[in-house]
Amino acid sequence: MDLKSLFKKAGNTLEGGVRVVKKRSSTLSCPRCGSEYDKESVLKNYWACPRCGGYFRMSARRRLRFLCDEGTFRELDGDLVSEDILHFPGYGEKLAKATEKCGQKEGVLCGTCKIDGQNTCIFAMEPDFMMGSMGSVVGEKITRLFEYATEQALPVVGFTVSGGARMQEGIVSLMQMAKVSGAVKRHSDAGGFYLTVITNPTTGGVTASFAMLGDVIIAEPGALIGFAGPRVIEQTIRQSLPKGFQRSDFLLSHGFLDAVVPRQELKDFIGKMLRFHV
């Protein structure tokens, strides 16, 4: 199946990164309480459950539609795609399925936009493309974005969601941690402002690198944030973890975050941060 057909098929199966319950309707089921709603009710509530407040998973493009001023987003490096450089068994098929699932070519969407009238560079990781895993192209796209932001003296706003490094690319994936971090440092040395929005879940090498390098680091309520997951940690140390461990409110109370911001308030909060720091 060619790429054009994959995109067309993906558009018929998903809405905003959330799989629609197939009853020939646009019913969405809350991931927390199981309540079902029509899509319009969820959209009006910023892609959150009207009953319990639980968050539906948001695609990268859906996030940008909520955040960017209308008609201002311009994609950068949208033609970059991953290749099976190590001939890892089944990797090519997984890349094709990821594109079919979400309609995106890669695990991150990068570009420029205006947020509340402020010019900025922006990236949003795509949870439905191999869980936003960080491969060579993801690292390259984010690095290029920071380099462009440095050249143009623009701030960067980044939305992270990731299961970590993409093992199918081996050390090439892991080296993206250092590469992106170096680009962030050069942007910072040039006086650039970087704000990160950590969403659920953000783990592995993304947490260990550019997700936690923002000048201002905020998170959505209830987001899982860490390197290894809580079950792995408990099995390793053979101790019970504190209640709420690795969730955004816990990390805020322990000084790892600057704020926890609900989706309904994100655009206003980010707009204010950009005006304060740019």
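Residues numbered from 1 in each chain as written. Predicted model: local features only at pLDDT ≥ 70, side-chain atom pairs only at ≥ 80, totals over all residues. Heavy atoms only, no water.

Caption draft 1: Here's a closer look at the layout of surface pockets. Of the voids in this model, the largest pocket is the one considered here, and its volume is about 430 Å³. Taken together, 24 residues line the largest pocket, and the ones lying closest to its centre are Gly54, Tyr55, Asn200, Pro221 and Gly222. For the lining of the largest pocket, the secondary structure elements donating two or more residues are β9 (194-202) and α10 (263-277). With three residues, the single largest contributor to the lining of the largest pocket is β9. Looking at the lining of the largest pocket residue by residue, the class counts come to eleven nonpolar, seven polar and six charged. Structurally, the lining of the largest pocket is a two-domain feature, drawing no fewer than three residues from each of domain 1 (25-56) and domain 2 (58-276). (1 Å grid on protein atoms, 1.4 Å probe; cavity = no way out; pocket = protein on both sides within 12 Å on 5 of 7 lines; lining within 4 Å. Points joined across faces, edges and corners; volume = space filled by probe spheres on them. Helix = DSSP H or I, 4+ residues; strand = E, 2+ residues; numbered from the N terminus. Nonpolar A, V, L, I, M, F, W, Y, C, P; charged D, E, K, R; others polar. Domains from an automatic or database assignment.)

Caption draft 2: Structural context of helix α6 (residues 170-189). Over its 20 residues, α6 extends 30 Å from the first C-alpha to the last, a length consistent with the 28 Å expected when each residue adds 1.5 Å. Along α6, the sharpest change in direction is near 25° and occurs at Gln176. Taken together, the buried positions of α6 are Ser173, Gln176, Val180, Ser181, Ala183, Val184 and His187. On its buried face, α6 is in contact with α5 (136-152), β8 (156-162) and β9. (Expected span 1.5 Å × (residues − 1). Bend = angle between axes of the 7 residues up to and from the residue. Buried < 20%, exposed > 50% of the residue type's maximum accessible area, 1.4 Å probe, protein only. Contact = heavy atoms within 4.5 Å.)

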